[in-house]
Amino acid sequence: MPFKIICVAGARPNFMKIAPLIRELNQDPFFKIVLVHTGQHYDDKMSGQFFRELEIPDPDYNLQVGSGTHAQQTAAIMQRFEPVVLDGKPDAVLVAGDVNSTLACALVAKKLGVAVVHVEAGLRSFDRSMPEEINRLVTDSVSDLFLVTEESGRRNLLAEGVSADRIHLVGNLMIDTLRRNLERARQSAIISQLGLVGAFGLVTLHRPANVDDPGQFAAMFSALMEIAGEMPLCFPVHPRTRQALERCGLEIPATIRLLEPLGYLDFLCLMSHSAIVLTDSGGIQEETTALGIPCITLRENTERPATVEQGTNILAGTSREGILSAWKKVKNRKGERAIPPYWDGSAAQRCHDVLRLFAAELSPTVQAKEDNQNRG
């Protein structure tokens, strides 16, 4: 029998991480992949369009948990995921990233005695006020195999007592997705549809710490408006951020174009043509580094230090002064930046190799049967 892995995806960042891995593993009859979509992101613009554009197979299970508080959402995922594991009897459950689906499904699997594989393990912001940091810490505390995107992840896991033979620096699956789709994205008509001419910047904001405090949000937006006076900005607005804009009643200048959430290809097209990106997203810090595009991160910390140490990312903080200071640095910055090791579009192949070895360790009878078939 093949080695059965339940792959979990729940939110938009997960889809970009699992797409290349599922494609890779589905080519190997050694593995049987079961895809579970928790429904943490559920509308077409945040979910369905991503599945289509990234050519992800229809999920075997859609838990349809929807939105709610962190506790409500995590509890609902756990309740609905447990029967899937009990009925499916997987050899391993693979979770990605740091969203509530990651934490919830890892906990269910571990309590049922199923091995947990964590993609993007070991990243740390060292800020426990961030819900994502709690998700990362707890998921790694119950994981059995750690697939790491950058060297800081390996160092963090070793410092936390994880055995070195469980940690594998495989690279960044999001960059696999980016490299596979970049040329297709550049054929998008989004730039002409928006009538963009000349240099422009791209903005994303969605983290509760940034958008839920009206005073902080207004100060950040004031900095964006000043930057927009020098360079027009496109701003695809997350539903949470749109609520914040409505609460604050800010007068938006014409130089900031508010857009509906974009699909993966349209967003990648805009990002790849932008002169600068301002964001509080972790994944976008990585994608801009891979593309060589200047990025200003609107946060006090980052769990992806490679993007600052080697890439194009500047950590600005969240004050008006910090953001404008970072903007000046970007304008004066010269020279090319490096791309971290293994961000080369081949992370899925390395994950495949590691999972093969892990499967043989967990299920030697599966490996023996495969070896016999190969010899035959």
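1. Concerning the sheet that holds strand S7 (residues 167-169)
Pairing is parallel across the open sheet formed by seven strands, whose spatial order is S3-S2-S1-S4-S5-S6-S7. Since the sheet does not close on itself, it has two edges, and those belong to strand S3 (61-62) and S7, each with one partner. By the bridge criterion, two bridges tie strand S2 (residues 31-37) to S3 in an arrangement that is parallel. In the strand pairing of S3, Val-36 is matched with Tyr-61. Along the sheet, helix H4 (residues 100-111) contacts strand S1 (3-9), strand S4 (92-96) and strand S5 (115-119); its crossing angle with S4, the most-contacted strand, is approximately 165°.

2. Considering the packing of aromatic side chains
Taken as a whole, this structure holds seven aromatic pairs when the rule is applied. Note on Phe-15 and Phe-50: the rings are 6.3 Å apart at their centroids and 55° apart in plane angle, and the pair reads as tilted. In this pair, Phe-15 sits in helix H1 (residues 12-25) while Phe-50 sits in helix H2 (residues 44-53), placing the two residues 35 residues apart along the sequence. Take Phe-15: its relative accessible area is 0%, and that puts it in the buried class. For Phe-50, a relative accessible area of 1% translates into the label buried. Look at Phe-217 and Phe-221: their rings are 5.8 Å apart centre to centre, the planes differ by 45°, and that puts the pair in the tilted class. Residue Phe-217 and its partner Phe-221 are both found in helix H10 (residues 214-228); the two are separated by four residues, about one turn of the helix. By relative accessible area, which is 0% here, Phe-221 ends up buried. Through a chain of ring-to-ring contacts, three or more aromatic side chains come together here, namely Phe-15, Phe-50, Phe-51 and Tyr-264. One cation-aromatic arrangement involves Arg-356 over Phe-30; the distance from NZ or CZ to the ring centre is 4.1 Å.

3. Some details on the packing of H10 against helix H15 (residues 320-332)
Running from N to C, H10 and H15 cross one another at 30°; their axes reach a closest spacing of 8 Å. In terms of their interaxial angle, H10 and H15 are classed as roughly parallel. Considering how the two elements wind past one another, H10 and H15 form a crossing that is right-handed. Where H10 approaches H15, its residues Ala-219, Met-220, Ser-222, Ala-223, Glu-226 and Ile-227 are matched on the opposing element by Arg-320, Ile-323, Leu-324 and Trp-327. Of the residues in the contact of H10 with H15, the class split is seven nonpolar, one polar and two charged.

Calculation rules
Residues numbered from 1 in each chain as written. Predicted model: local features only at pLDDT ≥ 70, side-chain atom pairs only at ≥ 80, totals over all residues. Heavy atoms only, no water. Pairing = 2+ DSSP bridges. Helix = DSSP H or I, 4+ residues; strand = E, 2+ residues; numbered from the N terminus. Contact = heavy atoms within 4.5 Å. Axes fitted to C-alpha atoms, helices over the stretch in contact; angles between N-to-C directions. Phe/Tyr/Trp six-rings, centres within 6.5 Å; stacked < 30°, edge-to-face > 60°. Buried < 20%, exposed > 50% of the residue type's maximum accessible area, 1.4 Å probe, protein only. Lys NZ or Arg CZ within 6 Å of the ring centre and 35° of its normal. Parallel < 35°, antiparallel > 145°, perpendicular 65-115°, else oblique. Left-handed = near helix turned anticlockwise from the far one by under 90°. Nonpolar A, V, L, I, M, F, W, Y, C, P; charged D, E, K, R; others polar.

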